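# Architecture and fold: a report
Below, each chain spelled out in residue letters.
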Amino acid sequence: MASVSSALPMGNKPTLRRTQTEATTDSYPATADASPFDSPLERSASNTSLSSLASDNVKADKAEFGKLIDTYGNEFEVPDFTIKDIRDAIPKHCYERSALRSLSYVARDMIYLGVTFYVWNKYVTPEYIPLKAARVVLWGLYTFMQGLFGTGLWVLAHECGHQAFSPSKLINDTVGWVLHSALLVPYFSWKFSHSKHHKATGNIERDMVFVPRTREQQASRIGRFAHELSELTEETPIYTLIHLVGQQLIGWPNYLMTNVTGHNNHEKQREGRGKGKQNGWFTGVNHFNPSSPLYDEREAPWIIVSDIGIAITATALVYLGNTFGWSNMFVWYFLPYLWVNHWLVAITYLQHTDPSLPHYTAEEWNFVRGAAATIDREFGFIGRHLLHGIIETHVLHHYVSTIPFYNADEASEAIKQVMGKHYRSDVQDGPIGFIKSMWKAARWCQWVEPTEGAEGKGKGVLFYRNQNNLGVKPAKLPKTN
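From a predicted model like this one, the values you see are computed outputs, not experimental measurements. (Residues numbered from 1 in each chain as written. Predicted model: local features only at pLDDT ≥ 70, side-chain atom pairs only at ≥ 80, totals over all residues. Heavy atoms only, no water.)

## Some thoughts on a nonpolar patch on the surface
- Where nonpolar side chains cluster on the molecular surface, the patch consists of I238, Y239, L241, I242, V245, L249, I250, L338 and W439 and spans about 830 Å² of accessible area.
- Sort the elements by how many residues they give to the nonpolar patch and helix α9 (residues 237-258) lands first, with seven residues.
- Position of I238 relative to the elements: it lies in helix α9.
- By relative accessible area, I238 is classed as exposed at 52%. (Patch = residues over 30% accessible without salt bridge, like charges linked within 9 Å, V, L, I, M, F, W, Y side chains within 5 Å. Areas by Shrake-Rupley, 256 points an atom, 1.4 Å probe, with all protein chains shown as cover. Salt bridge = Lys/Arg side-chain N within 4 Å of Asp/Glu carboxyl O. Helix = DSSP H or I, 4+ residues; strand = E, 2+ residues; numbered from the N terminus. Buried < 20%, exposed > 50% of the residue type's maximum accessible area, 1.4 Å probe, protein only.)

Written out as structure tokens, the structure reads:
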């Protein structure tokens, strides 16, 4: 069993903390109920009232929730600190952003891409390497390396979307649009939906990514009654593997085009844009449609700007393919692009899916609880250097997303003192442990439900369960017809 935090004892996995609201630079309304930050005005670390972000009742009465048990069998306590506690613990210099420093990382990653492209095309040729099998292996390595460098650029554009790249919104959005467009990502479309994810993390009704199925949804999906899930036999490992491969290959484009894993409560979109709309193909719920219920009317023009960026990149790719050959483009761009997709899905999936993490119903959710329902992991040199620490400092990122990645380690250490046992990390076995966690999450985390016998507010705190006889068993429910 992996360790959860260096500050916690070994053995069973521990618990989390939470309360209300984040000060992201961008504040956009959620597609379901409004979040505490909904405002047409930009918010920043300097102009957001910390007192207004704190929960009205942060000291949760344990008796109100009863005994809550996570998937590992550990007792869980609802967090009881405020966003002000978190922000006050972070050294002020951690909030400082530098356009020059951030741009230097963009230049570095682009140099990595350019040098790798030059070396391989110059020297991994029959002239220098006559053995074809060796060339195949080396070109495979090329696609892997370029995928990592491309993911690094994706992460820097992610910094831009959170306004953590620099103090200038113009610089942030220009750099973010260029970088994401080059990677076939609709920058503003993603930026708006991702902001809503941050404002509803862990909310089973409003979160925007990797929202787990409820027990009832899982039963419906496999053609069973909810009470039958506790009686099912183990899912075959080959089925789990097929699901994981599909998720890693097409999960990212599928999310952009169908909103798969995002919430499906579009009827609640406050402008009426979601009437009769559901996630899926050709339903209008996607990241390219200006009329999508994922967005408000005022955001629609920026969705078009995102689409223009994608069109420019697609045009350039067609030109390059016709000029240099599509087999070359397949190796130069499209295979590395699949690697980028893989890393994006793996990173996001494992940031929000773990047997120790809860989810909340709308009634019991608040910002701090949701932000604490995330987990840090460790990916060694690749994670900290090439991927700019996005894996290792994600808990902090959900509390204050405007802190630049190069200050995130120090800030993460600071908030651990506030979060205590509610801070989550799984760093055992480093990069190998990160990869193994994908299989573990797929086997352990199949749906969420309340702790068996939960009463009162405890019914609104949901934990992962599975049919694979791993961890705490699903609750036994009375039969229904």
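## Topic: unusual backbone geometry
- Positive phi outside glycine occurs at Q163, with the angle close to 60°.
- Tracing the sequence through the fold places Q163 in the loop between α5 (132-161) and α6 (169-182).
- With a relative accessible area of 2%, Q163 lands in the buried category.
- In this structure, D429 is a non-glycine residue whose phi angle is positive, near 70°.
- Its place among the elements puts D429 in the loop between β5 (425-426) and α16 (430-444).
- Exposure remark for D429: the relative accessible area of 45% places this residue in the partly exposed category.

## What to know about the confidence of the model for the protein
- Taken residue by residue, the protein gives an average pLDDT of 89. The fraction at 70 or more is 87%.
- A low-confidence stretch, residues 1-58 (pLDDT under 50), is modelled with 213 contacts involving residues beyond four sequence positions or located in other chains. (pLDDT = per-residue confidence, 0-100. Contact = heavy atoms within 4.5 Å.)

## Description of the packing of helix α4 (residues 99-123) against α5
- Relative to each other, α4 and α5 sit at 165°, their axes nearing to 9 Å. Regarding the angle of α4 to α5, the classification is roughly antiparallel. Handedness of the α4/α5 crossing: left-handed. Residues Y105, V106, D109, M110, Y112, L113, T116, F117, W120 and N121 of α4 form the contact with α5, whose own contacting residues are L138, W139, L141, Y142, M145, Q146, F149, G150, G152, L153 and L156.
- Residues of the contact of α4 with α5, tallied by class, amount to 15 nonpolar, five polar and one charged. (Axes fitted to C-alpha atoms, helices over the stretch in contact; angles between N-to-C directions. Parallel < 35°, antiparallel > 145°, perpendicular 65-115°, else oblique. Left-handed = near helix turned anticlockwise from the far one by under 90°. Nonpolar A, V, L, I, M, F, W, Y, C, P; charged D, E, K, R; others polar.)

## Considering the nonpolar core
- Judged by nonpolar contacts, the single largest core of 49 residues is most densely connected at W154 and W252.
- If you list the elements that add at least two residues to this core, you get α4, α5, α6, α7 (187-198), α9, α11 (326-352) and α16. (Core = buried A, V, L, I, M, F, W, Y, C linked by side-chain atoms within 4.5 Å.)

## Some words on the sheet that holds strand β7 (residues 461-465)
- The sheet built from three strands is open, its strands ordered β3-β7-β6 with antiparallel pairing. Every interior strand has two partners, whereas the edge strands, β3 (358-360) and β6 (447-450), have only one. Strand-to-strand twist in this sheet, taken as the mean axis angle between neighbours without regard to direction, amounts to 45°.
- With three bridges connecting them, β3 and β7 associate as antiparallel partners. Residue H359 lies in a different strand from β7, and its bridge partner there is L462. (Pairing = 2+ DSSP bridges.)

## As for the packing of α9 against α11
- Between α9 and α11, whose axes approach to 8 Å, the crossing angle comes to 90°. Between α9 and α11, the angle falls in the class roughly perpendicular. In contact with Q247, Q248, L249, G251, W252 and P253 of α9, α11 contributes L338, N341, H342, L344, V345, A346 and Y349.
- Split into classes, the residues belonging to the contact of α9 with α11 amount to eight nonpolar, five polar and no charged.

## Thoughts on the pattern of salt bridges
- Within this structure, the stated rule accounts for 20 salt bridges.
- Its salt-bridge partner being R377, residue D354 comes within 3.1 Å of it at the nearest N-O pair. Here R377 lies in strand β4 (residues 376-377) and D354 lies in the loop between α11 and β3, a separation of 23 residues in the sequence. For the pair D354 and R377, a shared accessibility class is recorded, and that class is buried.
- Here R369 ties to E364 by a salt bridge, and the two come within 3.9 Å at their closest N and O atoms.
- Each of K169, D173 and K191 takes part in one network of salt bridges that share partners.

## Some details on the packing of aromatic side chains
- Under the defined criterion, the tally for this structure stands at 31 aromatic pairs.
- Centroid distance Y72 to W444: 5.2 Å. Interplanar angle 50°. Geometry classified as tilted. With a gap of 372 residues between them, Y72 in the loop between β1 (68-69) and β2 (75-76) and W444 in helix α16 connect regions that are remote in the sequence. This pair shows no difference in class: Y72 is buried, exactly as W444 is.
- Seen in terms of ring centroids, W154 and W252 are 5.8 Å apart; in terms of plane orientation they differ by 80°. Their pairing is edge-to-face. Taken as a pair, W154 in helix α5 and W252 in helix α9 lie far apart in primary sequence, 98 residues in all.
- When its relative accessible area of 6% is taken as the criterion, W154 is described as buried.
- Judged by its relative accessible area of 8%, W252 is buried.
- Joined through ring pairs, the aromatic side chains of W154, Y187, F188, W190, F192, W252, Y255, Y295 and W302 make up one cluster. (Phe/Tyr/Trp six-rings, centres within 6.5 Å; stacked < 30°, edge-to-face > 60°.)

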